[in-house]
Amino acid sequence: MMKLWEGTIPLLAEEGWRDSLIEDGAPGWSARRYCSADLLLRLRPIGLALRATPSALSLRSAHPPLLCEEGHKFHDVAATFINGTKIAEDIKREVASELENLKHRGIQPGLAVVLVGDDAASSAYVNMKAKTCEQLGFYSRKLMMPSSLSTDQLLCEVRKLNQDDAIDGILVQLPLPKHVNKHAILESVDPQKDVDGFHSANVGSLVLGHETLVACTPLGVMEVLRRSGVKIEGANAIVLGRSDDVGKPQAILLMHANATVTICHSKTRNLPDVVRQADIVVAAIGKTAMVTRDWVKPGAVVIDVGTNKVSDRAEVQRLFGDDPTRWKDFEKRGYIWVGDVDERGVKEVASMMTPVPGGVGPMTIATLMKNTLKAARTRRAV
Ligand code: GUN
């Protein structure tokens, strides 16, 4: 595991190392980041984290000690996996505690989730959202509509929820059947109850930097970064993917947090070279294990938003070798969820990364709960 030290780095090194250190723009010896082809030294807000690749290990033994202070040693570490499940639990606990306080004042915020059709995955998501709602202390309402429902009929249901005083948040589960006008439906949700943050009024407010309801997944990514101590300000952030629900709002949120943001997509030229500039990579492009080790700058933080179903044995073998956990999952279900990042390779170069599953996924429901509470507080002025 990553080992952290307090304070600045007293560094004893060969000339070449010093030059790299200075080139990296760090004043004196207290480098924030020091990187060569072989070795990365990183200062975190709470201290210094070291990461050495195998070639640096032999270099280290040729020049011991590279760090001179007693007790400062190199540790060969893989990326820290960010535990999204744990962060999501923390957030849900915070929301539950706030709900408890509101309950004492006779207030119970409510969320309505609307499912049209009987898609198994959507149905499972909706059930999970409703169940989490109840566990935390929200009032929860689940509307199950037949797939034959017309746009007008669904509009009518949404309008009823807009008028319903027990409902603070409305979520219409996507995707909708093809014959339903998705845009019309999303725009029909009262922006104050739009816990998905998909309404154009909320997207506009986000762009302008006004306090508003923001899409759950990118909001979850920001929570993951902040609660993991990642310094966003001044960082080069790459968002891979330009979707309305993730890529675009993600880029705006990172920009508001003072990152320098580049949005990349399938038509970006020299994509690996561009991604390699990033201190923070958010992969939301929907292509299985697309981001490979050679795309990632040593020490970068990699957030994987992808959830791709892999049901091909050869593909599982290629991506995970004999990893018993993956194979157990695969044998049980006949498929596994794989992100947009090649986890096995990238963990060798990244400093932190989110796993799939157990990274961004659980965060989405937690931020939905947070949004519902926020919507209730705004609408009820409590
Ligand atoms: N389907 C998959 N993810 C989402 C989401 O975040 N919101 C809605 N409304 N539908 C989804």
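In what follows, the structure referred to is the one given above.
Every residue gets a number counted from 1 within its own chain, in the order that chain's sequence is written. Local features in this predicted model are restricted to residues of pLDDT 70 or higher, and side-chain atom pairs are both shown and tallied only at a pLDDT of 80 or more, whereas totals for entire chains, interfaces and linings draw on every residue.

Moving on to the sheet that holds strand E6 (residues 110–116). Any two strands with at least two DSSP bridges between them are considered paired. The numbering of helices and of strands both runs from the N terminus, where a helix is a DSSP run of H or I of at least 4 residues and a strand a run of E of at least 2. Spatially, E7-E6-E8 is the arrangement adopted by the three strands of the open sheet, whose pairing is parallel. Looking at the sheet topology across the chains shown, the edges are occupied by strand E7 (139–145) and strand E8 (169–172). Strand-to-strand twist of the sheet, defined as the mean angle between neighbouring strand axes without regard to direction, takes the value 15 degrees. In terms of strand pairing, E6 meets E7 through seven bridges, oriented parallel. By the bridge assignment, Leu111 is partnered in E7 with Ser140. Every angle, taken between N-to-C directions, lies between 0 and 180 degrees, and every axis is a line fitted to C-alpha atoms, over only the stretch in contact when it is a helix.

Right, let's talk about the site of the ligand for a bit. Surveying the vicinity of the ligand reveals the residues Leu171, Val172, Gln173, Leu174, Asp196, Cys216, Thr217 and Thr364. For the shell around the ligand, the secondary structure elements donating two or more residues are E8 and helix H8 (216–227). Put plainly, near means the residue's C-beta atom, positioned from the backbone, lies within 6 Å of the molecule or strand in question.

Another aspect to go through is the sheet that holds strand E10 (residues 260–264). Taken together, the six strands give an open sheet; going across it, the order is E5-E15-E12-E11-E9-E10, and neighbouring strands pair in parallel fashion. On the outer flanks of this sheet lie strand E5 (80–81) and E10, each paired with one strand and no other. The pairing of strand E9 (residues 236–240) with E10 spans five bridges and is parallel. The partner of Leu240 across the bridge, within E10, is Cys264.

By size, the foremost hydrophobic cluster in this structure holds 88 residues, and its most contacted members are Leu240, Val281 and Val282. For the domains described, the bounds stem from an automatic or database domain assignment. Residue contributions to this core reach at least three from each of two domains, namely domain 2 (97–211) and domain 3 (214–363). If near-sequence neighbours (up to four positions away) are discounted, Leu240 is found in contact with Cys264, Val275, Val281, Val282, Ala283, Ala284, Ile285, Val291 and Asp340. Here, a nonpolar core means buried Ala, Val, Leu, Ile, Met, Phe, Trp, Tyr and Cys residues linked by C-beta atoms lying within 7 Å of one another. Exposure in this text rests on C-beta crowding, where 20 or more other C-beta atoms within 10 Å of a residue's own make it buried, 12 or fewer make it exposed, and counts in between make it partly exposed. The C-beta atoms are placed from the backbone. Contacts are defined on C-beta atoms placed from the backbone: any two residues whose C-beta positions lie within 7 Å are in contact.

Here we come to the pairing of strand E12 (residues 301–304). Side chains Val301 and Ile303 of E12 all project onto a buried face; the interleaved residues Val302 and Asp304 project onto the opposite face, where all are buried too. As defined by bridge partners, strand E11 (residues 280–283) adjoins E12 across four bridges and the pair is classed as parallel. Note that in E12 the partner of Ile280 across the bridge is Val301. Note that E12 and strand E15 (residues 352–353) share two bridges and pair parallel.

Taking 1.5 Å of rise per residue, 21 residues should cover 30 Å, and helix H3 (residues 84–104) covers 31 Å from first to last C-alpha, within 8% of that figure. Residues Gly84, Ile87, Ala88, Val95 and Leu99 constitute the buried set of H3. Buried residues of H3, seen end-on, are gathered within an arc of 115 degrees and therefore sit on one face of the element. Exposed side chains of H3 directed beyond 90 degrees from the buried face belong to Lys86, Arg93, Ser97, Glu100, Asn101 and His104. As for H3, its buried residues are in contact with helix H4 (120–136), H8 and helix H14 (360–380). Positive backbone phi, at 80 degrees, marks Gly106, one or two positions downstream of H3. What a helix is expected to span follows from its residue count: subtract one and scale by 1.5 Å. Directions drawn from the helix axis to the C-beta atoms are what define this arc.

Cis geometry marks the peptide bond from Leu174 to Pro175, where omega comes out at 0 degrees. Note that Pro175 resides in the loop between E8 and helix H6 (182–188). With an omega dihedral of 0 degrees, the bond running from Val356 to Pro357 counts as a cis peptide bond. Phi angles above zero are rare outside glycine, and Asn270 is one such case at about 50 degrees. Accessibility expressed as a C-beta count within 10 Å gives 9 for Asn270, which makes it exposed. Even without being glycine, Ala289 reaches a positive phi, approximately 50 degrees. Assignment of secondary structure puts Ala289 in the loop between E11 and E12.

The terminal C-alpha atoms of H4 lie 24 Å apart, and with 17 residues this matches the ideal 24 Å at 1.5 Å per residue to within 8%. Those residues of H4 hidden inside the fold are in contact with H3, E6, E7, E8 and H14. Phi turns positive one or two residues past the end of H4, at Gly137, with a value near 110 degrees.

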